[in-house]
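# Architecture and fold: a report
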Amino acid sequence: MITGVALIIQTVRSYYRKMSSGSFDRYPDMEGHTHFVSKNLTPEIYNKLKDLKTKSGYTIDKCIQGGIDNPNFSVGATGGDEETYTLFGDLMYGIIEGRHVGFKRTDIHKSDMDSSKLIGGDLDPNYVLSSRVRTGRSIRGYSLSPFITRAERRDVQDILLKALSNLEGPLKGKFYSLETMTPQDQQQLIDDHFLFEKPTDTFMTDTGMARDWPDARGIYHNDDKNFLVWINEEDHSRIISMQKGGNIKQVFERFCAGINQVEKLMAEQGGNEFMFNEHIGYVLTCPSNLGTGLRGGVHVKIPKLSEHPKFDEILKNCRLQKRGTGGETTTSTDGTFDISNWDRVGKTEVELVQLVIDGVELLIKMEKRLEKGESIDDILPGPDGACPRPKAPGKALDIKAIHDYKWRATPKASNFPKLHKHHNLLAKVLTEKLYNDLKGKETKSGVTLDDCIQTGVDNLGEAGAEPVGVSAGDEECFSMLSALFDPVIAAAGGKAGSHVSSLDGSKLGSTDLDKDLVGDCQISAGRNIRGFRLSPSIDRAERRNVEKIVSDAAASLDGSLKGKYQSLKNMSDADKNRPIMFQKVSCPHLLSAGVRRDWPDARGAFTNDGSDFAVWANEVDHARVVARGQSLSAVFAKFSEGLTKFDAAVKKAGKELMCTDRLGNLGPRLDCLGTSLQASVSVKMPKVCSHDKVKEILAGLQLRKEVGKDGGEVISNKCTLGSTEVDQVKCLVSGVQHLCKIEKALASGKGADDLISQAVSGKV
């Protein structure tokens, strides 16, 4: 049920999404979102902030992207640098106040690292298996993980390593680089539960924290293995003190000593300091970790209490939170929990650890009673917590700053990506000289070389199946970055020159395929509209304008093509699952390129009444014209008619398609230019598809194999540039016919060596 206030907000937001002039704005669609961004970002705040940039170039759109892409992720925003929290304060302070309940934007953060002030702290080892205190620290002058460059990240590692290598006494230890560690070291770190791995959490990947992995990431631990520093995971550093058993006071003492020594050495060695702010304390990537950034916790076994109906209420009143022992998103299966403080800012480090001590002592006391069958009603904590204590005075952060919070360091390290382990076309073509020649260039719409190659840096590929590793952010990329793009396009099999097109189905010849081995077929082609950025770089306003252009053009189609357009957001599950529909983008290469941002905003499909023809809006291309059926010749005829009429409708509306004489139809994928045609058939060829030479066979036939929507195998044409649509369908037909011969020969037990040799050599 929509309340009156909610309806007003929804109406206002709808107005801002589509302006009266008919153009669209960039305000995000957050209907159904539950994070703090959705609760604090209004159209007025967004419009005030949308054109601002921090000194490093971070924007409000980058700040909130993780929340737009993850509707139910707690906070929904990330800091890209220290200035994020002040320049975008109209949003960030609201988020901070919401997440850190009761901490006002006028409050001053207090700090106290004096472990001698703790009361108790040696918890019952029969229940507490281990104790840990950790925090994050960021180095001033460098971007935070969602926006950090490779050069900055390498500098951060160098600064921290220089300090860590000079630690003495019980903190002295060794650094292990994620890039170069031996298999033996890796296994030992896994056995010790020290190793952090490449993030798979969608919030971290969607915000860019996993870029360039594992470049400049690593782990330091002391010889006693109870003091760790993670470098360049979510934050510049994650400092951890831990040990077996329940003596969390000892853990905290080591924690304080380690942080103080590292910070002192950083300042002495290079004039570096941690990011801090008198209002929000120590500055980290996620607003949930500001202030102390401290999480003090224990692994405690409380199976009886965890089944109590008031368990969650008990934790809430004690200002504690629970997780499974496997990490943030895990749950307990045996009554053993990772219990830690909920707060980060507004209380001192001593206060937070004391809350854990008092709270866990109470949890153990309750567990012991429940083991005896006794009631715990008389010791249930109220809102004041497990053991109410006077508020610790602490002191405001009075560290004398070496630099202003807007100061930007000049990285000493190179920004050239490490590609020596990669199997993609980017790694074959990009040299350090070429990178340096192109790195300072930017298209008129703001696309850079690093934007275009990020997908290739993040995805290593595999030998024998080398992806491209480069995406285009707009049309200008093809000229500005031609020194990289042209050789990559050529290596992908594209023959640049004079683009040719033919949609004359009478020239196809026979398209008969073995019905026992070959199923449905689909033919599609992408189209992109001049003047708008391509999907890796397009913003929400552009994408919404594109959707209108595409849906209006499709709506003009007539005859057997006549149908209706549905937005993905309002589409039923049954309609989404139709064979002719597209699925949410999941390809790692496209995800790293940024193609899936804001999903499902401004995505949808026009389908005809017969459900054998469609026009997709904003899947990977601005538009993709699709025909599907059982007869390849009939599908090609439907496709050709629809594509011709759609192109004409776009041009009639006064828009131009991105198309050049040299490269044909342009799009984000450099291996899908020219005709941009993808002709595919579903196949049942278990012998061929599992053959140890299947990659070589397909390469020789100029085909590729993918997994279809239903999990089956799909064979499609590989090359789209340098030949016509008719030629590419004929290539598919002849290649699949040859695959059928190989499958039958293998299934009968007869040798297929000659057929395989013909395919591998391309002499079919």
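What counts, and at which threshold
- Residues numbered from 1 in each chain as written.
- Predicted model: local features only at pLDDT ≥ 70, side-chain atom pairs only at ≥ 80, totals over all residues.
- Heavy atoms only, no water.
- Helix = DSSP H or I, 4+ residues; strand = E, 2+ residues; numbered from the N terminus.
- Rg over C-alpha atoms; globule rule 2.2 N^0.38 Å.
- Buried < 20%, exposed > 50% of the residue type's maximum accessible area, 1.4 Å probe, protein only.
- Contact = heavy atoms within 4.5 Å.
- Pairing = 2+ DSSP bridges.
- Axes fitted to C-alpha atoms, helices over the stretch in contact; angles between N-to-C directions.
- Phe/Tyr/Trp six-rings, centres within 6.5 Å; stacked < 30°, edge-to-face > 60°.
- Lys NZ or Arg CZ within 6 Å of the ring centre and 35° of its normal.
- Expected span 1.5 Å × (residues − 1).
- Salt bridge = Lys/Arg side-chain N within 4 Å of Asp/Glu carboxyl O.
- pLDDT = per-residue confidence, 0-100.
- Polar contact = N/O pair within 3.5 Å; in protein donor to acceptor, adjacent residues only side chain to side chain.

Looking now at the overall build of the chain. Helix and strand counts for the chain stand at 26 helices and 22 strands. In summary, the chain has a C-alpha radius of gyration of 29 Å against a globular reference of 27 Å for 764 residues, a match within 12%. When its C-alpha atoms are laid out on the principal axes, the chain stretches across 90 × 65 × 60 Å. The 764 residues of the chain split such that 55% are buried. A sequence separation of at least 24 residues applies to 74% of the contacts in the chain between residues at least 6 apart.

What follows concerns the sheet that holds strand β14 (residues 563-567). Strand order in this open sheet of 8 strands is β14-β15-β16-β17-β13-β20-β22-β21, and the pairing throughout is antiparallel. Sheet topology places β14 and β21 (703-707) at the edges, where each strand pairs with a single neighbour. On average, each strand axis in the sheet is tilted by 20° relative to the strand beside it, whichever way the strands run.

Turning next to the environment of G762. Along the chain, G762 turns up in the segment after α26 (753-761). A residue is classified by how much of its surface remains accessible, and G762, at 40% relative accessible area, is partly exposed.

On to the packing of aromatic side chains, then. Following the criterion strictly, the structure yields 12 aromatic pairs and no others. Measuring from ring centre to ring centre gives 4.1 Å for F73 and F203, while their planes differ by 0°; the resulting arrangement is stacked. Residue F73 is found in the loop between α4 (60-69) and α5 (84-87), and its partner F203 is found in helix α9 (residues 202-206); the two are separated by 130 residues along the sequence. On the accessibility criterion, F203 (3% relative accessible area) is buried. With a centroid separation of 5.5 Å and 55° between ring planes, the pair formed by F311 and F337 is classed as tilted. One end of the pair, F311, is in helix α12 (residues 311-317); the other, F337, is in strand β11 (residues 336-341), with 26 residues separating them in the sequence. The same class applies to F311 as to F337, namely buried. Positioned above the aromatic ring of F36 is the side chain of K39, whose terminal nitrogen or guanidinium carbon lies 5.1 Å from the ring centre. Between R140 and the ring centre of F276, over which it is positioned, the NZ or CZ distance is 4.7 Å.

In this model, helix α7 (residues 150-164) (15 residues) spans 21 Å end to end at C-alpha, consistent with the 21 Å of a helix rising 1.5 Å per residue. Here α7 has its buried residues at R150, A151, E152, R153, R154, D155, V156, Q157, I159, L160, A163 and L164.

Turning our eyes to something else, we now look at the pattern of salt bridges. This structure, assessed with the given rule, holds 51 salt bridges. Between E656 and R530 there is a salt bridge whose closest N-O contact spans 2.9 Å. Remark: R530 occurs in the loop between β13 (518-527) and α19 (540-555) and E656 occurs in the loop between α22 (632-652) and β18 (659-660); sequence separation between them is 126 residues. Of the residues examined, E656 reaches a relative accessible area of 48% and is grouped as partly exposed. On the basis of relative accessibility, which here comes to 30%, the residue R530 falls in the partly exposed class. Measuring nitrogen to oxygen at the nearest pair gives 3.4 Å for the salt bridge that ties R704 to D671. One end of the pair, R704, is in strand β21; the other, D671, is in the loop between β19 (664-665) and β20 (677-683), with 33 residues separating them in the sequence. For the pair R704 and D671, a shared accessibility class is recorded, and that class is buried.

The 8 strands lie next to each other as β3-β4-β5-β6-β2-β9-β11-β10, forming an open sheet whose pairing is antiparallel. Taken across any chain shown, the strands that pair with only one partner, and hence form the sheet edges, are β3 (173-177) and β10 (320-323). Taken over all neighbouring pairs, the strand axes of this sheet differ in orientation by 20° on average, direction set aside. The pairing of strand β9 (residues 295-301) with β11 spans 5 bridges and is classified as antiparallel. Within β11, the position partnered with K301 by the bridge is T336. Where α7 meets the sheet, its contacts fall on β3, β4 (218-222), β5 (227-231) and β6 (237-244), and the angle it forms with β5 comes to roughly 160°.

What follows deals with unusual backbone geometry. That bond from W213 to P214 is cis: its omega, 0°, falls within 30 degrees of zero. Between W599 and P600 the backbone carries a cis peptide bond, its omega angle lying at 5°. Within the secondary structure layout, P600 lies in the loop between α21 (588-593) and β15 (604-608). Even without being a glycine, R319 presents a positive backbone phi close to 60°. Looking at where R319 falls in the secondary structure, it is placed in the loop between α12 and β10. Classification of R319 as partly exposed rests on a relative accessible area of 24%.

For the rest of this paragraph, the subject is the pairing of β6. Burial analysis of β6 places 7 of its 8 residues in the buried class, which makes it a mostly covered element. By the bridge criterion, 8 bridges tie strand β2 (residues 128-137) to β6 in an arrangement that is antiparallel. Within β6, the position partnered with S131 by the bridge is Q243. Two strands pair when backbone bridges link them, and β5 and β6 are joined in this way by 5 bridges, in the antiparallel orientation. What sits directly across from V229, in β6, is I239. Hairpin geometry of β5 and β6 is characterised by an intervening segment of 5 residues between the two adjacent antiparallel strands and by a positive phi of about 60° at N232.

Moving on: the confidence of the model for the chain. When pLDDT is averaged along the chain, the result is 92, and 95% of the positions lie at 70 or above. For residues 1-22, every residue scores under 50 in pLDDT, and the model assigns this stretch 21 contacts once sequence neighbours within four places are set aside.

Before going further, it helps to spend a moment on the pairing of β13. Of all 10 residues making up β13, 8 are buried, and the element is well covered by its neighbours. With 6 bridges joining them, β13 and β20 adopt antiparallel strand pairing. Considered in β20, the bridge of C521 is made with V681. In this structure, β13 lies alongside strand β17 (residues 623-629), joined through 7 bridges in antiparallel fashion. Within the sheet, the bridge partner assigned to G526 lies in β17 and is R624.

On to the side chain of N618. Of note, N618 is situated in the loop between β16 (613-617) and β17. When its relative accessible area of 5% is taken as the criterion, N618 is described as buried. In this structure the side chain of N618 is engaged in a polar contact, spanning 3.1 Å, whose partner is the backbone oxygen of R543. In this view, N618 contacts R543, V546, E547, W599, A602 and R603; residues no more than four positions away in its chain are not counted.

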